[in-house]
Amino acid sequence: GKTAPDGHELIVDFWEVVGKAPGGDEAVSNLFDKDSDPSVLLKQRHLVIRGERASSVLKVRSRVMRAFRDHFESVGYNEVTPPCMVQTQVEGGSTLFSFNYYGEEAYLTQSSQLYLETCLPSMGAVYTMNESYRAEKSNTRRHLSEYTHCEAEIPFITFNDLLDGIEFMVKDVVNRVWAEPETRAMIEKLNPDFKPMNEPFIRMRYEDAIKWLNEHGIKRAEDQQDFEFGDDIPEAPERHMTDTIGKPILLTHFPVPIKAFYMPPTKDDPRVTESVDLLMPTVGEIVGGSMRIWDYDVLMAAYKREGLDPKPYYWYLDQRKYGSCPHGGFGLGIERFLAWMTNSFTVRDCCLYPRFKDVCQP
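Residues numbered from 1 in each chain as written. Predicted model: local features only at pLDDT ≥ 70, side-chain atom pairs only at ≥ 80, totals over all residues. Heavy atoms only, no water.

(A) Region of the structure containing the pattern of salt bridges. This structure, assessed with the given rule, holds 26 salt bridges. Linking aspartate 223 and arginine 220 is a salt bridge whose minimum nitrogen-to-oxygen distance equals 2.8 Å. On the basis of relative accessible area, aspartate 223 is assigned to the partly exposed category, the value being 32%. Within the structure, one salt-bridge network assembled from shared partners comprises Arg63, Arg66, Glu180 and Glu182. (Salt bridge = Lys/Arg side-chain N within 4 Å of Asp/Glu carboxyl O. Buried < 20%, exposed > 50% of the residue type's maximum accessible area, 1.4 Å probe, protein only.)

(B) Region of the structure containing the packing of aromatic side chains. Summed over all chains, the structure comprises 16 aromatic pairs. Their ring planes at 25° and their centres at 5.4 Å tell us that phenylalanine 72 and tyrosine 77 sit as a pair that is stacked. Judged by its relative accessible area of 1%, phenylalanine 72 is buried. On the basis of relative accessible area, tyrosine 77 is assigned to the buried category, the value being 18%. Seen from their ring centres, tyrosine 101 and tyrosine 102 are 4.8 Å apart, and the 75° between their planes marks the pair as edge-to-face. (Phe/Tyr/Trp six-rings, centres within 6.5 Å; stacked < 30°, edge-to-face > 60°.)

(C) Quick look at the environment of threonine 118. With respect to the helices and strands, the residue threonine 118 is situated in helix H5 (residues 113–123). With a relative accessible area of 26%, threonine 118 lands in the partly exposed category. Separated by 197 residues in the primary sequence, threonine 118 and tryptophan 315 place their C-alpha atoms 8.2 Å from one another. When sequence neighbours within four positions are dropped, the list of residues in contact with threonine 118 reads Trp315 and Gln319. (Helix = DSSP H or I, 4+ residues; strand = E, 2+ residues; numbered from the N terminus. Contact = heavy atoms within 4.5 Å.)

(D) Molecular detail of the side chain of glutamine 319. Checked against the element boundaries, glutamine 319 lands in helix H11 (residues 314–321). A distance of 3.3 Å separates a polar atom in the side chain of glutamine 319 from the backbone oxygen of tryptophan 315. Residue contacts for glutamine 319: discarding those within four places in its chain leaves Glu117, Thr118, Pro121 and Ser324. (Polar contact = N/O pair within 3.5 Å; in protein donor to acceptor, adjacent residues only side chain to side chain.)

(E) A look at the state of the cysteines. Under the defined criterion, the tally for this structure stands at zero disulfides. Cysteine 150 carries a free sulfur, and the closest cysteine sulfur to it, the one in cysteine 84, is 15 Å from it. You can call cysteine 150 buried: its relative accessible area is 0%. Lacking any disulfide linkage, cysteine 360 is separated from the closest cysteine sulfur, that of cysteine 351, by 12 Å. (Disulfide = S-S within 2.5 Å.)

(F) Region of interest: the sheet that holds strand S10 (residues 284–291). An order of S1-S5-S6-S11-S10-S9-S8-S7 is seen for the eight strands of this open sheet, with the pairing classed as mixed. Of all the strands in the sheet, just strand S1 (78–79) and strand S7 (202–205) have a single pairing partner and so form its edges. Looking at chain direction, strand S8 (residues 249–252) and strand S9 (residues 275–280) are connected through four bridges and run antiparallel. Looking at the pairing, threonine 252 lines up with valine 276 of S9. Along the sheet, H5 makes contact with S1, strand S5 (126–133), strand S6 (146–155) and strand S11 (327–333), crossing S6 at roughly 35°. (Pairing = 2+ DSSP bridges. Axes fitted to C-alpha atoms, helices over the stretch in contact; angles between N-to-C directions.)

(G) Up close: helix H12 (residues 334–342). Of all nine residues making up H12, nine are buried, and the element is well covered by its neighbours. The complete set of buried residues in H12 reads Ile334, Glu335, Arg336, Phe337, Leu338, Ala339, Trp340, Met341 and Thr342. In the stretch just after H12, asparagine 343 is the one whose phi turns positive, near 60°.

(H) Representation of the packing of helix H4 (residues 52–74) against helix H6 (residues 159–178) in the model. Across the interface, H4 lies against H6 with an axial gap of 9 Å and an inter-helix angle of 125°. By the angle between their directions, the pair H4 and H6 is classed as oblique. Viewed along their axes, H4 and H6 form a crossing whose handedness is right-handed. Of H6, the residues touching H4 (which contributes Arg63, Val64, Ala67, Phe68, Asp70, His71, Phe72 and Ser74) are Phe168, Met169, Asp172, Val173, Arg176 and Val177. Here the residues of the contact of H4 with H6 are counted per class, giving eight nonpolar, two polar and four charged. (Parallel < 35°, antiparallel > 145°, perpendicular 65-115°, else oblique. Left-handed = near helix turned anticlockwise from the far one by under 90°. Nonpolar A, V, L, I, M, F, W, Y, C, P; charged D, E, K, R; others polar.)

Here you go:
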């Protein structure tokens, strides 16, 4: 009475088993099932991906990757492939993977952003679909040590242009994927409530998010006090707010001290930056972006403020020294995007072989 996956039914006069799987104690059903402990499923990931759900998620991932490339192609961006071995940090030293590079200290890249910025004068708007690495100590369901990072940098734009571009990209990619009948059928089975978005994303300033949390009785975990301007909003309160509102939120204008050195302060309020996080219901942040400091002296002051030695960044500073322009960009985690589309509990289910703290096999 069951129907085979993909509707394949055989009516034949002769058949031959090409590759027979073992039965008995070695049968796959004795190794794991859908209720097995996550540690067991991770160890058997090479067999888990043969299952219907895991296979469907990976197929959707393939279509999503193609849709992002098709989107960027349609808006005239050029794809580049920056290096993964670097000697500079982008998102802070605490999450750097370091290694010995022929006698010198080097790192696995946290982001390709700085390299993408060097391409703007010669190539115009650019993007990459590259791996990024974060030495995350936490074991949350939305963090990986290696993930696929869709990043873009765009010259001659304003902050509002950046927000519009992020919103259009997400909607366009969803529509492209949804337009493929086979992929749509998989998504509808994985996430029956999923629908493409037609309404404008909510745009909320960080300061208004602080007010929302306090008005709804959400307290800081460490001291059970109200949130204050300057606090870094943790994942749980941010997720609670996003899930309660139930719509995508472009959260903007974060304070200078809690954002990266390259994000410029706004002209009307130097306490905050031209920065944005895109928050999606059920998963939280899937995009982080900002305008970039493009004035040489302002960037040097940022290095001093953050206690960073500018010497390893000489090539990045030269972008300002030899002529620059207003520009901005963003990074999107493909696994988080997929977790949102496929209703996956964790981003670990949205990549082939997840890498995170204490897990580096198979």
